[in-house]
Amino acid sequence: MKALLIFSVMLYHYFQPDIAPPVSKEYLNYSIIKDNKTIGNIRVERSLKDDVTEYLFESRAKVKILYSIEIYDKMGVTFKQNILQQAKLYRTMNGKLKVNNTATWNGSFYNLSDKDGANGSLKQSIFSSTASLYFNEPGKIKSVFSEKFQKMIPIQKVTSQKYRIDLPNGNTTTYTYNNGICTLVEADTDFASLKFVLDTSSNKLH
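Here the structure is a predicted model, which means the values were calculated and not measured.

### Comments concerning the overall build of the protein chain
Across its full length, the protein chain holds one helix and 14 strands. Counting across all 206 residues of the protein chain, residues that qualify as buried make up 35%. Restricting the contact set of the protein chain to residue pairs at least 6 apart, pairs at least 24 apart contribute 36%. Accessible surface, the protein chain as shown: approximately 12,500 Å² in total, 52% of it carbon and sulfur.

### Quick notes on the packing of aromatic side chains
A full pass over the atoms with the stated rule returns eight aromatic pairs. Look at Tyr30 and Tyr134: their rings are 5.4 Å apart centre to centre, the planes differ by 70 degrees, and that puts the pair in the edge-to-face class. Taken together, the positions of Tyr30 in strand 1 (residues 24-34) and Tyr134 in the loop between strand 8 (117-122) and strand 9 (143-146) put the pair 104 residues apart, joining distant regions of the chain. Across the pair, Tyr134 and Tyr30 agree in class, each one buried. A network of ring pairs unites the aromatic residues Tyr30, Phe57, Tyr134 and Tyr175 as a single cluster.

### Points about unusual backbone geometry
Only a minority of non-glycine residues have a phi that is not negative, and only a minority of peptide bonds are not trans. Phi angles above zero are rare outside glycine, and Asp35 is one such case at about 50 degrees. Mapped onto the secondary structure, Asp35 falls in the loop between strand 1 and strand 2 (37-49). Judged by relative accessible area, which is 60%, Asp35 ranks as exposed. Even without glycine at this site, Asn82 takes up a positive phi of about 70 degrees. Structurally, the position occupied by Asn82 is in the loop between strand 4 (68-80) and strand 5 (83-93). In this structure Asn82 comes out as exposed when scored by relative accessible area, which is 58%.

### Points about the pattern of salt bridges
Pairing between side chains of opposite charge can happen when the charged atoms of each approach one another. Applying the stated criterion across every chain yields a total of eight salt bridges. The salt bridge involving Glu70 is made with Lys62; its shortest N-O contact spans 4.0 Å. On the basis of relative accessible area, Glu70 is assigned to the partly exposed category, the value being 44%. Residue Lys62 is classed as partly exposed on the basis of its relative accessible area of 47%. Note that Asp166 is salt-bridged to Arg164, the shortest N-O span being 3.1 Å. The class of Asp166 is partly exposed, set by a relative accessible area of 34%. Connected through shared salt-bridge partners, Lys25, Arg43 and Glu45 make up one network.

Conventions and cut-offs
- Residue positions are given per chain, counted from 1 along the sequence in the order it is written.
- Side-chain atom pairs in this predicted model are given and counted only at pLDDT of 80 or more, local residue features only at pLDDT of at least 70, and totals for whole chains, interfaces and linings cover all residues.
- To obtain the side-chain values, all non-hydrogen atoms of the structure were included, while hydrogens and water were left out.
- Strands here are runs of E lasting at least two residues and helices are runs of H or I lasting at least four, both read from the DSSP assignment and numbered beginning at the N terminus.
- For every residue, the accessible area obtained with a 1.4 Å probe (protein chains only) is divided by the maximum for its type, and the residue is called buried under 20%, exposed over 50%, and partly exposed between those limits.
- In what follows, residue pairs with any heavy atoms lying within 4.5 Å of each other are defined as contacts.
- In short, Shrake-Rupley with a 1.4 Å probe defines the accessible areas, and a residue's cover is counted only from the protein chains shown.
- Aromatic rings from Phe, Tyr and Trp, taking only the six-membered ring of Trp, are treated as a pair when their centres fall within 6.5 Å; an angle between ring planes under 30 degrees marks them as stacked, one over 60 as edge-to-face, and anything in between as tilted.
- Just to be clear on terms, a salt bridge is a Lys or Arg side-chain nitrogen sitting within 4 Å of an Asp or Glu carboxyl oxygen.

See below:
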């Protein structure tokens, strides 16, 4: 009887489907501001499962200068054991493809590609990118990976909770933090100076 019971328990566990560990998800919402007017929004999501962290960034903005420009960005970035595994950035302007970048870790270096095909490699491990800056104050980190420029870019501490990145095209981006979460991004872009302001009423943090 005892042997039969043990056998039954073994069969039960053998045929039971594996129960996947829970995925922890958090998200942040930002309003895109130009000249004190809201012109778009950003949603950044972070999901955690075991030793894998994934960031999903999606933004839409409509800017009117001499004519209307609609910009759509989608970014997906995955870290495993704190090392970047893959970073993708997709961008359209008025529906036309402008950026389609991918960086993929092969265990030794990153293979880089853009909308025109292969775009070289990067031979170092990456521990932080611009996507991860929304959830993680840089602290002592000296450089981050730019999904747009596909290279490491120095990040400088301006004050105790404020950091600046000088981009290769001459533009600058400044990040301000509160309790480790980015509350304000001030971005000089090719077409306007923008602010990304955290919407504290609609964010979900566990």
